[in-house]
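# Structure assessment
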Amino acid sequence: MRGKLTLLAGVCAAAVATPSFAQNAPGAVGSDNGPGVQEIIVTAQRQSQRLQTVPIAISAFTKENLDKQQIKNPSDLQLSLPNVTFTKTNFTSSSFTIRGIGDLCTGVTCDSATAIHLNDAPLFFSRLFEGEFYDLAQIEVLRGPQGTLFGRNATSGVVNFRTAKPDLNGFAASGEAEYGNYNSIRVKGMINIPLTSTLAVRAAGFYLKRDGYTKNLFDNSKIDDRDMYGLRGSLTWQPSSSTTIDLMGQYFREKDSRMRIQKQYCQNDPTGVLGCLNTTRGTGTTNSNALLAGILPSKEFFAIRGLTAAGLGPFALGSVYGPSQYTNENPADPRVVNTDFNPTYFTEETILQGTLKQDIGEKLSLRVEGNYQKTKVDSSQDYNLSVLNRAGFAPALGALQAAGAGALGAGLKAYLGPVASALIPQGAAGPLCTSAAEPTGTGVYGGHSVCGNTPLDFDRSNQSQTAWTAEAVLTSKFDGPINFLLGGIYGKYKVSENSYYVDSFGLDYFAGVVGAATALGAGLPPAYLGTPAYRNNGATGDGYRLTTYGIFGEAYWKFSDKLKLTAGLRYNNDKKTITARTTLFNFLVPHGSTNAYDSPYIGGYDADPGTAGNQLFQVRSVKYGELTGRAVLDYQITPDHLIYASYSRGYKSGGINPPLSPIFSVPESFNPEFVNAFEIGSKNSFGNGALQLNLTGFYYKYKDLQLSRIVARTSVNDNVSANIYGVEAEAIVRPIRPLTINMNFSFLHTQVSQDKFLSNPRDFGAGRKDAVIIKDITNAANCAVGSNSGNVAGVNAFVAAANAAINAGIRDPAYPDDPTKYLVYPGAGLKNPTAFPADGGIASTGAYSICSVLQSVADATGGGAPFGGVTVYSSGIPVNIRGNKLPGAPSVKFSAGVQYAASIGNLTLTPRVDLNFTGKSDGTIFNGVIDKVPSFTQLNAQMQLDGPDKKWFIRGFIQNITNDNSVTGLYVTDQSSGNFTNVFTLEPRRYGVAAGFKF
């Protein structure tokens, strides 16, 4: 078999994606001598099989197809696949969605719905989607749950990358160089050396460097560039005809200014209650008065906490009723931004693999594989993709400078001097310093700062993980009607670091000034509030650990030469343990500390409200054991026509929600998700192979689909059930040898199938006129007050009365005889509810207030009876999402490509054109107008001249001819960040030339 199957799989099994031309001898199966689509070998069922005999919906691409269709990376790959989408996501990750099922779960304990494999080995958290495809034998994309052979995290399907193996038959080498616009330089190469008749090695690599796609108006720079490379080495040893050992190691590294978030959109909310409105995505910026960093240092907050009464009113940075401090231009062009913090991006990945293939006699074959993976990623970017105007901060900064210099006495100087030295080291008119995103939690007050002439706000997402798996598969090759496959896999995955930081000058200012006042009032040494930056440490201490194993098997029973039954079963076992915490302003930290978490005052901090007492970490464990499997009946009507029907059950394990600040409450864990999938398919070849047409129809019953939402700046996950159905059609037409046409079409319908009530963060009033949306000035979250009787005037009067009570001050009932003791101090000056703009898509009114006070007033007045009765919704007024479409699931996709290989003497000139259309979809489960992801079209073309025997080539190409800014997905942030929308796009128009050789 040596050398016979080194070029595997090319087109699809249940649906043919694109022509893949096997290089077989003349006259052999798969010969390219004449018209017709060649017979292809695929490996979708862990063994080499003819394309038309595999009853699975699978698309596959060889290296040749990747080149011809300009598929350089996964973003390109999605365009030529039915019912498949791919998008980057908000936290240095991505989502590969198949038939409406993608990574809607967000968090370190979430599993991917699409199983990503490299040479059949599962990858837990791969950076394969960051780099370029190079020296691949093929890519297989299996659509639908693969609950037997691939197991636990394959509810949507599997993407299996197969690297090219060393060839024992002879020396070979290839290379290519490409130059394109954006000063893009791409180089790829491979060398294959047979050392002996049984031992061969292969080395390959790529390098890509280009200028940025995006212009930053702030400093007229180019950002979102690329500077990356990948290396791979392989060894194959075949000591006998029955034994093969394969070893592979690869390394990938990137360091540049890649943008995690392409563009941020907002329909500005002048009230500040929401930050961004709900009718269009808009090209404004969020209202700074909606942000945590704008509300906490405000004079309204200072008043209710007694800081104004204590003489610290002049230190407030502004008012929530003042103008937004974001005043910069935000161009509509997604490739133009205005940011005072340029992005940074670093990632590296190492993968090591070893495989033993051993024939046991003539009837059994054993495959044993081990896989090791180590990955790091670290990304920072401007949080609001905009620039704060510092002019409004001038009075407060001047007051801080004076107090730090002793103008208000030695007492305040001792407490505010360190704050001024850290934040404005050169005075109120000089640079402003913000905490760097770093692990000690001391930030700017520990000397870890980023300084600039504008108030900065940025985030950081970083993660480090390791994983290994070991798998064994035994396959029979009996001559009789029954055969089988048995296997088992064991794996461990550890995340040693997973943090998401949000740093802002406003947060640092609040931590310093209010921390100083708190320490002074308590008679403690000068201190600040720790941590001064938000940090969701999703894996700390012992980190996140997953232990998983699976035992699986399939049986194949041929009732006749035409009828076959496949039945498989798998047991999956998963155990997850995580140590995590979230910190922001939770405890005092003395100035001079080198680690905030060593503060003598940290004992008052509780990272785990679900456990009695104060805990410094949240520690949780969950365990799941589930059965999955499949059954397929296929019938070979004629050698050219196959029909099949299948049932499969998919499973993805549940997980643990991140810890939130103590004032918020969400379920600690979320359930596993399951899908029962029914599929029918037909594979057909007509006209002696001139037309290959494959059709698939499917219906899914989905239970407990994992769905993410943002609560208190943290992603948490719920479960919901859904129904999905659709059809797929793919065809290859090759009436004559030079001409090839490939086409595919898919239709998809997704729908939430159960009553599920969730609050839409864009509209906490749920479209009701008899509701008031509240911006809580103690934490920047939103709540809502709704009338129980439809009384619009009554609910507004209720909020006005509560605000009047807040403005007057609310006495502490624990001190009835002390008129100076307040829960809420007087003087906030909160205003009555106000209407949102008429074009804002919000029917409710809005107001700044305190949600807990509103609840107390409602309780004290018998549910707000004097106002017609009201209900305070701490998490917003929920709406029923039953019937809504799932995110990332376009109802229609279509692609077509045509190429003609014209012979010019002993040369071949091949022009090719590809058209890809992806229909509109929804970016969130709420399906609002603002949540729509518009349809897009990508048109590519290229011309390639091949030399004799294809030993060399010259290629000219253009990608995205119309220069569409195609949006692949979006993300809506939470209320304390202003409800802005981040979008992710495909690449702009690219063009260039390439040349290469092979021998």
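Structure shown above.
These notes cover the structure that comes with them. (Residues numbered from 1 in each chain as written. Predicted model: local features only at pLDDT ≥ 70, side-chain atom pairs only at ≥ 80, totals over all residues. Heavy atoms only, no water.)

### Section: the environment of Asn 676
If you trace the backbone, Asn 676 turns up in strand β34 (residues 673–686). Note on Asn 676: relative accessible area 22%, which makes it partly exposed. The spacing of Asn 676 and Lys 701 is 25 residues in sequence and 5.2 Å in space, taken between C-alpha atoms. If we ignore the near neighbours within four places in the chain, the residues touching Asn 676 are Tyr 647, Ser 648, Arg 649, Tyr 699, Tyr 700 and Lys 701. (Helix = DSSP H or I, 4+ residues; strand = E, 2+ residues; numbered from the N terminus. Buried < 20%, exposed > 50% of the residue type's maximum accessible area, 1.4 Å probe, protein only. Contact = heavy atoms within 4.5 Å.)

### Points about the environment of Arg 305
Summarising the element assignment, Arg 305 is placed in the loop between α4 (299–304) and α5 (308–312). Sequence separation between Arg 305 and Val 824 is 519 residues, and the spatial gap between their C-alpha atoms is 6.2 Å. Once you skip the residues sitting within four places of it in the chain, Arg 305 turns out to touch Thr 778, Leu 823 and Tyr 825.

### So, unusual backbone geometry
That bond from Gly 530 to Thr 531 is cis: its omega, -5°, falls within 30 degrees of zero. Within the secondary structure layout, Thr 531 lies in the loop between β25 (527–530) and β26 (534–539). With a phi close to 45°, Asp 135 is a non-glycine residue in the positive phi region. Turning to its location among the elements, Asp 135 is positioned in the loop between β7 (121–122) and β8 (136–143). Classification of Asp 135 by relative accessible area gives buried; the value is 12%. At Ala 766, a residue that is not glycine, the phi angle is positive and equals roughly 55°. By secondary structure assignment, the location of Ala 766 is in the loop between β38 (757–758) and β39 (771–776).

### Some thoughts on the nonpolar core
Soluble, globular proteins show a tendency: their nonpolar side chains are buried together. Within the largest apolar cluster, 81 residues are counted, with the highest numbers of intra-cluster contacts made by Phe 315, Leu 400 and Tyr 509. No other element matches the 10 residues that helix α8 (residues 505–521) contributes to this core. With 22 residues, the next largest nonpolar core counts Leu 81, Ile 116, Phe 129 and Leu 136 among its residues. (Core = buried A, V, L, I, M, F, W, Y, C linked by side-chain atoms within 4.5 Å.)

### Comments concerning the sheet that holds β7
Across the sheet, 5 strands lie side by side as β3-β8-β9-β6-β7; this open sheet has mixed pairing. Only two strands of the sheet have a single neighbouring strand rather than two, namely β3 (57–62) and β7. Bridge analysis of β8 against strand β9 (residues 157–163) gives 7 bridges, and the strand direction is antiparallel. When the sheet's bridge partners are listed, Arg 143 is paired in β9 with Gly 157. (Pairing = 2+ DSSP bridges.)

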